[in-house]
Structure formats: structure tokens, C-alpha cells
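Structural overview
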Amino acid sequence: MSGQEFQDHQIRDRIAINYKYSLGGQSKFFIELMNNKKLLGTKCSKCGKTWMPPRINCSDCYALAEWVEMKQTGTIEVSTIVWYTTSAFIKAIPYAIGYIKLDGAQTAFLQGIFSENLVPSKVKKGSRVKAVFLKEREGKMIDFFFVPEDEYESWINKPEYEGGA
Ligand SMILES: [Zn+2]
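Residues numbered from 1 in each chain as written. Predicted model: local features only at pLDDT ≥ 70, side-chain atom pairs only at ≥ 80, totals over all residues. Heavy atoms only, no water.

Considering the coordination of the zinc ion
- Those donors, Cys44 (SG), Cys47 (SG), Cys58 (SG) and Cys61 (SG), are the protein atoms that reach the zinc ion, and they lie 2.3 to 2.4 Å from it.
- Coordination geometry of the zinc ion: the 4 donor atoms subtend angles of 95 to 125° at the metal centre, consistent with an arrangement described as tetrahedral.
- Summarised as a motif, the one-chain spacing of the donors to the zinc ion is C-x2-C-x10-C-x2-C. Here the residue cysteine 47 occupies a position in the loop between strand E1 (40-44) and strand E2 (50-51), and cysteine 58 occupies one in the loop between E2 and strand E3 (65-69), the gap between them amounting to 11 residues. (Donors = N, O, S within 2.8 Å, 3.2 Å for Na, K, Ca; no water. Tetrahedral: all angles 85-135°; square planar, octahedral: opposite > 155°, others 65-115°. Helix = DSSP H or I, 4+ residues; strand = E, 2+ residues; numbered from the N terminus.)

In C-alpha cells:
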């Protein structure tokens, strides 16, 4: 057999995997988002810090934190415009993502920011945004996104979206 070149034989096949994963102690956030269009954070029972995204225990003092309903308006802390993305969002590009601090929260979280006229000045630090919800929600982070406050009415009048609780 020496002198013969190795030939690799390949067969194209596919694997399908059905699975579930638990969101554990943070499940309530996703259930309220899906069913009631509420955004829940948590407030530390000891030091009073309000966490958004919610933490079950305060990451500063480790005391138990309690669920609190957050306002659905906030301020952009930092943002960037997205030109490369996964298949789920390919039709949306360009769009922005940013860290948003909801009013009343002491922490910020990453979320999509959509605009009908996306220019960097629309999503700069300090810009005011408001949450818009998908009508068809599954209890996932992509059930909602933020828009500039002055575009809110226009977004919630689109057939696939609606305003929050
Ligand atoms: Zn604390």
C-alpha cells in the first residue's frame, strides 16, 4: 500500500437536538416579561442597591434581593452600531446595542436599540430610551428592545410591536 495517497471518505449528515434549559432563580424576570410586559429588577434587602439585570443575591453584600418592578425608560451608558450579526438579526442591521441603565436602577444591562433613523447621535451616551415589546413573546431577552424616546409612539404602532405595562 505504500506510495498510495490517503483518500478521506466523507458523508454529509445532520444532528438535531431538542433541549430545554432552565433560567433558574431569574425565571420570574422572563415570565413577567412574556406574560405581562413588565421589566423586573431586584433590590437588595440590606444595602438597597437595585440590580437590573436582576440578581437573586446582591453582588455587593450577598444579602437576598427582592423583586421590584422597574420603569421602562432609561439612559444609554455606552453603545455601538452593529454591522455583523447572527442570522436572527441579519435583517435588522444596522442597529445599535448598548448598556442601558433603567430609571431607578444602579446597574446597566446590554440590550438592542433600534431606530428609524439610526445615526450615532441618536444612541450616544446619555440618550433617553424606552422599551418596546414584541407582540409574540417567548420569555427571552429578544422579546423587547429599546428605541429613542421620541420614536416610541411610532414603534408601538407597528403591527408586530406594542408598548409595555
Ligand atoms: Zn446589598
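Considering the sheet that holds E1
- The sheet built from 3 strands is open, its strands ordered E2-E1-E3 with antiparallel pairing. Each of the sheet's edge strands pairs with one partner strand only, and the pair in question is E2 and E3.
- Strand direction decides the pairing type here: E1 and E3, joined by 5 bridges, are antiparallel. Looking at E3, one finds that threonine 42 is bridged to tryptophan 67. (Pairing = 2+ DSSP bridges.)

Things to note about the pattern of salt bridges
- Considering all chains together, one arrives at 10 salt bridges under this definition.
- In this structure, lysine 37 engages glutamate 162 in a salt bridge whose closest nitrogen and oxygen atoms are separated by 3.6 Å. Of this pair, lysine 37 sits in the loop between helix H1 (27-36) and E1 while glutamate 162 sits in strand E9 (residues 161-162); the two residues are 125 residues apart in sequence, bridging distant segments of the chain.
- Look at lysine 37 and you get buried, because its relative accessible area is 16%.
- A salt bridge links glutamate 151 to lysine 122; its shortest N-O distance comes to 2.8 Å. Of this pair, glutamate 151 sits in the loop between strand E8 (144-148) and helix H2 (152-156) while lysine 122 is found in the loop between strand E6 (109-113) and strand E7 (128-134), placing the two residues 29 residues apart along the sequence.
- Residue lysine 122 is classed as partly exposed on the basis of its relative accessible area of 21%.
- Three or more residues are tied together by salt bridges with common partners; here these are Lys37, Arg137 and Glu162. (Salt bridge = Lys/Arg side-chain N within 4 Å of Asp/Glu carboxyl O. Buried < 20%, exposed > 50% of the residue type's maximum accessible area, 1.4 Å probe, protein only.)

Details of the packing of aromatic side chains
- Within this structure, the stated rule accounts for 13 aromatic pairs.
- Between phenylalanine 89 and tyrosine 95, the aromatic rings sit 5.8 Å apart at their centres with planes inclined by 45°, giving tilted as the arrangement.
- On the accessibility criterion, phenylalanine 89 (27% relative accessible area) is partly exposed.
- When the centroid spacing of 5.8 Å and the interplanar angle of 45° are considered together, the rings of tryptophan 155 and tyrosine 161 count as tilted. (Phe/Tyr/Trp six-rings, centres within 6.5 Å; stacked < 30°, edge-to-face > 60°.)

Details of the environment of asparagine 157
- Relative to the helices and strands, asparagine 157 resides in the loop between H2 and E9.
- Separated by 49 residues in the primary sequence, asparagine 157 and alanine 108 have C-alpha atoms spaced 27 Å apart.
- Only 2.8 Å separates the side chain of asparagine 157 from the backbone oxygen of glutamate 153, close enough to count as a polar contact. (Polar contact = N/O pair within 3.5 Å; in protein donor to acceptor, adjacent residues only side chain to side chain.)

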